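Residue-level structure breakdown
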Amino acid sequence: MNVSGEAGTREARSAGGSGSNGAVRLDRELQAELDRMRTAGTLKAFRVLESPQGPEVRLKGHGEVVVLSSNDYLGLANHPAVVEAGIEALRRYGAGTASVRFICGLFEPHLALEADLAAFLGTDSALTYVSCWNANHAVLDALCDERTHVFSDELNHASIIDAMRLARPGAKTVFPHSDMAGLEQALAGAGEVSRKLVVTDGVFSMEGDLARLPELVELARRHEAVLIVDDSHGLGVMGETGRGTAEHFGLHGQVDIVTGTLGKALGGAAGGFIAGSRALCSVLEQRSRPQLFSNGLPPTVAAGARQALRELRDDPGLIGRLRSNTAEFRARLEEAGIAPVAGESAIVPVIVGETAAAIAISAEMLEAGVFVTGFGYPVVPEGTARVRAQMSAALEPEHLERAVAALGTAIARHG
Ligand SMILES: Cc1ncc(COP(=O)(O)O)c(C=O)c1O
């Protein structure tokens, strides 16, 4: 990583002759890969935060900057009650169980969080994992066998794509983004399979658009398929009370399986979960591989996420502020002659074309005190590189004003 100097340490070790020839050759190959990324302008820079996540942070080497690149949608990552709940759990339970759940047990905050998540999402049960990445792997791996057919939207998150590879279902169909006719055709043509799983993001992270849940629910029912929605970007964001994309469409409690992260709106630390029927969560607890071979959430995180859920439940103003900030940001962009991708979520992408332009705009905005990430190929298709702004309930009007001014100036130069 270019902030830690680790590569230098390894090089020194190799030069001193302590590495095997294989390790020396590997380092040379890896260094060549890094050099290629640098030449192509795609080498990522890792910023160091010197203050907690929030609408403004102190970035090492850059001072105070406005943050438009975090998923701290509700501004709860440094909320005093969330922080206090974590500290209290740390004092009471220590750092963690030092083993996996079935070997060494779990703490009350895990069960309390799982009960609260299930109640929040209108499911019978929920089960936590150390990340939503893990949760997506767990659910697909556990539910797939050679008689399973998985249907997945082409723009699904990388964790779902990788989970399908690992789960090796008997058949899989990747349907074009939100193409319901294509999905229906694939479902109808699936023939004799014992289990059909339709899996989709609730809010697609690069576009900020929503899955067409009414049609997905209807198609899943008609074709006796199970619908799995990863609502990582929808929880705490979509729906009247932040219950997610299903609530937004009036379908609360009607999605068979919901997966999500605790690392965005719900406290911002880390962690993920699967919510669904009692039988599903019990089977996953018994045999999903991350439950069997990996530690559970630290109790600090479980307690902090639970408090974040409480804040969301008890302060409807949070969702209101997130929504009005998103509307105001979009309006200011349009006033400045910048057309963001249309959408209803808190993700506001502005397409700028080439990867180098997105990176240059993001760098120039940072110089102007606004931290927002540019995404290019291969994360998004060639020619659709973008600056992706994400809204937060904690942003103030002056932050939005600064951000739009900086974006306008940078686009004029590089867009
Ligand atoms: C849609 C989606 N699913 C899953 C994840 C992974 O979440 P976690 O950070 O909890 O592993 C992300 C994170 O970027 C995401 O955007």
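What about the overall build of the protein?
Across its full length, the protein carries 16 helices and 13 strands. Overall size of the protein, expressed as C-alpha extent along the three principal axes, is 60 × 55 × 50 Å. Of all 415 residues assigned to the protein, the portion counted as buried reaches 48%. Taking contacts inside the protein between residues at least 6 apart in sequence as the whole, the part at least 24 apart equals 70%. When the accessible surface of the protein is totalled, it reaches about 18900 Å², and 53% of it is carbon and sulfur. Looking at charge distribution, the protein has the averaged site of its 38 positive side-chain charges lying 6 Å from that of its 51 negative ones.

A look at the sheet that holds strand β12 (residues 373-375)
Read across the sheet, three strands follow the order β10-β13-β12 without closing on themselves; strand pairing throughout is antiparallel. Each edge of the open sheet is held by one strand with a lone partner, namely β10 (347-353) and β12. The mean inter-strand angle of the sheet, taken between neighbouring strand axes irrespective of direction, is 30°. In the sheet, β10 pairs with strand β13 (residues 385-390) via six bridges, with the strands oriented antiparallel.

Digging into the sheet that holds strand β1 (residues 56-59)
Here three strands make up an open sheet; going across it, the order is β1-β2-β11 and the pairing mixed. Unpaired on one side and paired on the other, β1 and β11 (370-371) mark the two borders of the sheet. In this sheet, β11 lies alongside strand β2 (residues 63-67) in parallel orientation, the contact comprising two bridges. Its bridge partner being in β11, Val66 is matched across the sheet by Val370.

With respect to the site of the ligand
Surveying the vicinity of the ligand reveals the residues Ser131, Cys132, Trp133, His157, Ser159, Asp201, Asp230, Ser232, His233, Thr261, Lys264 and Gly271. Within the backbone of Trp133, one N or O atom sits 3.0 Å away from an oxygen atom of the ligand. At 2.8 Å from an oxygen atom of the ligand is found a side-chain nitrogen or oxygen belonging to His233. Within the complex, 80% of the 390 Å² of free accessible area of the ligand lies under protein.

Observations regarding the pairing of strand β7 (residues 226-230)
The buried fraction of β7 amounts to four of the five residues, a majority that puts the element mostly inside the structure. What joins strand β6 (residues 195-201) to β7 is helix α9 (residues 213-222), and the crossover it makes is right-handed. Judged from the three bridges that link them, β7 and strand β8 (residues 257-261) form a sheet pairing that is parallel. The residue bridging Ile228 from the neighbouring strand is Ile257, located in β8.

Details of the nonpolar core
Leu68, Leu183, Leu213, Leu227, Phe329 and Met391 are the most contacted members of the largest nonpolar core, which has 80 residues in total. Counting contributing residues per domain, this core is built from domain 1 (56-70 + 316-414) and domain 2 (80-314), each supplying no fewer than three. Sequence-distant contacts of Phe329, that is, excluding residues within four places in its chain, are made with Leu68, Val348, Ala389, Met391, Leu400, Ala403 and Val404. Ranked by size, the runner-up nonpolar core spans 22 residues in total, among them Leu127, Cys144, Ile257 and Ile274.

Brief notes about the packing of aromatic side chains
Scanning the model with the defined rule gives one aromatic pair in all. Ring centres 4.9 Å apart and planes at 45° place the aromatic pair Tyr93 and Phe107 in the tilted group. Placement of the pair is Tyr93 in helix α3 (residues 80-93) and Phe107 in the loop between α4 (101-104) and α5 (108-121), with a sequence separation of 14 residues.

Some remarks on the pairing of β1
The side chains of a regular strand alternate between the sheet's two faces. Alternating residues of β1 divide into Val57 and Leu59, all buried, and Glu56 and Arg58, none buried. Direction of pairing for β1 relative to β2: antiparallel, over a ladder of four bridges. Bridge pairing in β2 places Glu56 opposite Val66. Here β1 folds back onto β2, and the loop between the two strands holds three residues, one of which, Gly61, carries a positive phi near 85°.

Looking at the packing of helix α6 (residues 132-143) against helix α11 (residues 278-287)
At a minimum axis distance of 10 Å, the contact between α6 and α11 shows a crossing angle of 95°. Judged on the interaxial angle alone, α11 and α6 are roughly perpendicular. Contacts between α6 and α11 involve Ala138, Val139, Ala142 and Leu143 from the first element and Leu280, Leu284 and Arg287 from the second. Here the residues of the contact of α6 with α11 are counted per class, giving six nonpolar, no polar and one charged.

Here we look at the domain arrangement of the protein
Assigned domains within the protein: domain 1 (56-70 + 316-414) and domain 2 (80-314). Here domain 1 and domain 2 have C-alpha centroids that lie 28 Å from each other. At the junction of the two partners, domain 1 supplies 17 residues and domain 2 supplies 19 residues. Area buried by domain 1 at its contact with domain 2 is led by Ile319, Glu344 and Ile347, which between them contribute 31% of it. Across the salt bridge formed by Glu207 and Arg386, the nearest N and O atoms sit 2.8 Å from each other. Where domain 1 packs against domain 2, one counts seven residue pairs in polar contact (both at pLDDT 80 or more).

So, how was this worked out
Residues numbered from 1 in each chain as written. Predicted model: local features only at pLDDT ≥ 70, side-chain atom pairs only at ≥ 80, totals over all residues. Heavy atoms only, no water. Helix = DSSP H or I, 4+ residues; strand = E, 2+ residues; numbered from the N terminus. Buried < 20%, exposed > 50% of the residue type's maximum accessible area, 1.4 Å probe, protein only. Contact = heavy atoms within 4.5 Å. Areas by Shrake-Rupley, 256 points an atom, 1.4 Å probe, with all protein chains shown as cover. Lys, Arg positive; Asp, Glu negative; His and termini not counted. Charge placed at Lys NZ, Arg CZ, Asp CG, Glu CD. Pairing = 2+ DSSP bridges. Axes fitted to C-alpha atoms, helices over the stretch in contact; angles between N-to-C directions. Near = heavy atom within 4 Å. Polar contact = N/O pair within 3.5 Å; in protein donor to acceptor, adjacent residues only side chain to side chain. Right-handed = clockwise from strand over helix to strand, strands pointing away. Core = buried A, V, L, I, M, F, W, Y, C linked by side-chain atoms within 4.5 Å. Domains from an automatic or database assignment. Phe/Tyr/Trp six-rings, centres within 6.5 Å; stacked < 30°, edge-to-face > 60°. Parallel < 35°, antiparallel > 145°, perpendicular 65-115°, else oblique. Nonpolar A, V, L, I, M, F, W, Y, C, P; charged D, E, K, R; others polar. Buried area = accessible area lost by both parts, 1.4 Å probe. Salt bridge = Lys/Arg side-chain N within 4 Å of Asp/Glu carboxyl O.

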